[in-house]
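Okay, here's what each chain looks like letter by letter:
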Amino acid sequence: MALILASGSPRRRELMGFITDSFTVKVSDAEENTDFSQTPDRIVISLAEQKGRAVMPLCSENDVIISADTVVFIDGEVLGKPENADGARAMLRHLSGRTHTVYTGVSIHAPNGTVSFSDKTDVTFNELSDCDIESYIATGEPFDKAGAYGIQGKGALLVKGICGDFYNVMGFPVARVYRELKRLCVL
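A quick note: this is a predicted structure, and the numbers were derived from the prediction, not measured.

Moving on: the packing of helix H3 (residues 85-95) against helix H4 (residues 130-138). Remark: H3 packs on H4, axes separated minimally by 10 Å, with the N-to-C direction vectors making an angle of 135°. For the element pair H3 / H4, the angle class is oblique. In this structure, H3 crosses over H4, and the sense of that crossing is right-handed. Facing Ala85, Ala88, Arg89, Leu92 and Arg93 of H3, the residues of H4 in contact are Asp130, Ile133, Glu134, Tyr136 and Ile137. Tallied by class, the residues present in the contact of H3 with H4 amount to six nonpolar, no polar and four charged.

Grouped together as the largest cluster of nonpolar side chains are 42 residues, with contacts concentrated most on Ile66, Leu92, Ile108, Tyr149, Phe172 and Leu181. Elements supplying a minimum of two residues to this core: strand E1 (3-5), helix H1 (10-19), strand E3 (64-74), H3, strand E5 (99-110), strand E6 (113-125), H4 and helix H6 (174-183). Per-element tally for this core: the top contributor is E3, with five residues. Residues in contact with Leu92, not counting those within four places in the same chain, are Phe125, Leu128, Ile133, Tyr136, Ile137, Gly147, Ala148, Tyr149 and Leu158. Ranked by size, the runner-up nonpolar core spans five residues in total, among them Ile4, Ala6, Cys59 and Ile65.

Those residues of H3 lying buried are Ala88, Arg89, Met91, Leu92 and Leu95. For H3, the buried positions fall inside an angular range of 165° around the axis, keeping them on one side. Where H3 is buried, its residues meet E3, strand E4 (77-79), E5, E6 and H4. N-capping of H3 is provided by Asn84, with a side-chain oxygen placed 3.1 Å from the backbone N of Asp86. Taken from the residues just after H3, Gly97 is the one with a positive phi, measuring 70°.

Rules used in this analysis
- Residues numbered from 1 in each chain as written.
- Predicted model: local features only at pLDDT ≥ 70, side-chain atom pairs only at ≥ 80, totals over all residues.
- Heavy atoms only, no water.
- Axes fitted to C-alpha atoms, helices over the stretch in contact; angles between N-to-C directions.
- Helix = DSSP H or I, 4+ residues; strand = E, 2+ residues; numbered from the N terminus.
- Parallel < 35°, antiparallel > 145°, perpendicular 65-115°, else oblique.
- Left-handed = near helix turned anticlockwise from the far one by under 90°.
- Contact = heavy atoms within 4.5 Å.
- Nonpolar A, V, L, I, M, F, W, Y, C, P; charged D, E, K, R; others polar.
- Core = buried A, V, L, I, M, F, W, Y, C linked by side-chain atoms within 4.5 Å.
- Buried < 20%, exposed > 50% of the residue type's maximum accessible area, 1.4 Å probe, protein only.
- Arc of directions from axis to C-beta.
- Polar contact = N/O pair within 3.5 Å; in protein donor to acceptor, adjacent residues only side chain to side chain.

As structure tokens, then:
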């Protein structure tokens, strides 16, 4: 039995390392099709499950596959990754001075069962000036992150506070993943 992290995210790789050093990364090439009329928790669970299914053919039937997906939710709208600087700028302006919710869905497929769940964390941003936004965009950080920011990097300067799991905002609720792996008897 091998632990497989179905993610190309360096942040998820780092956080999985908190649980164990004995895992392999297999990047999912899932198309990530979803119905955005669903609730945000269902959206991220669906996307995580798609990523896990996409790597199953690359794994043995005894492997444990862990996959995840993260979105930012505000005003009834899901914010994914911005396509360009204009998209990042619009997202950051929308989040400025407000509280949004970060949802991460996780799917764990093990020989003795599958579990999928979501976790959520509320994040409040400081009021951001145009200069704050332009300076952050210039770092290049916004372009591969849901909601156009990474709390683990320079995006921390944008955040006033959080309520919930910090690691969930990074895209991998590590303590919950650990508990679920223990419950599935794979650790």
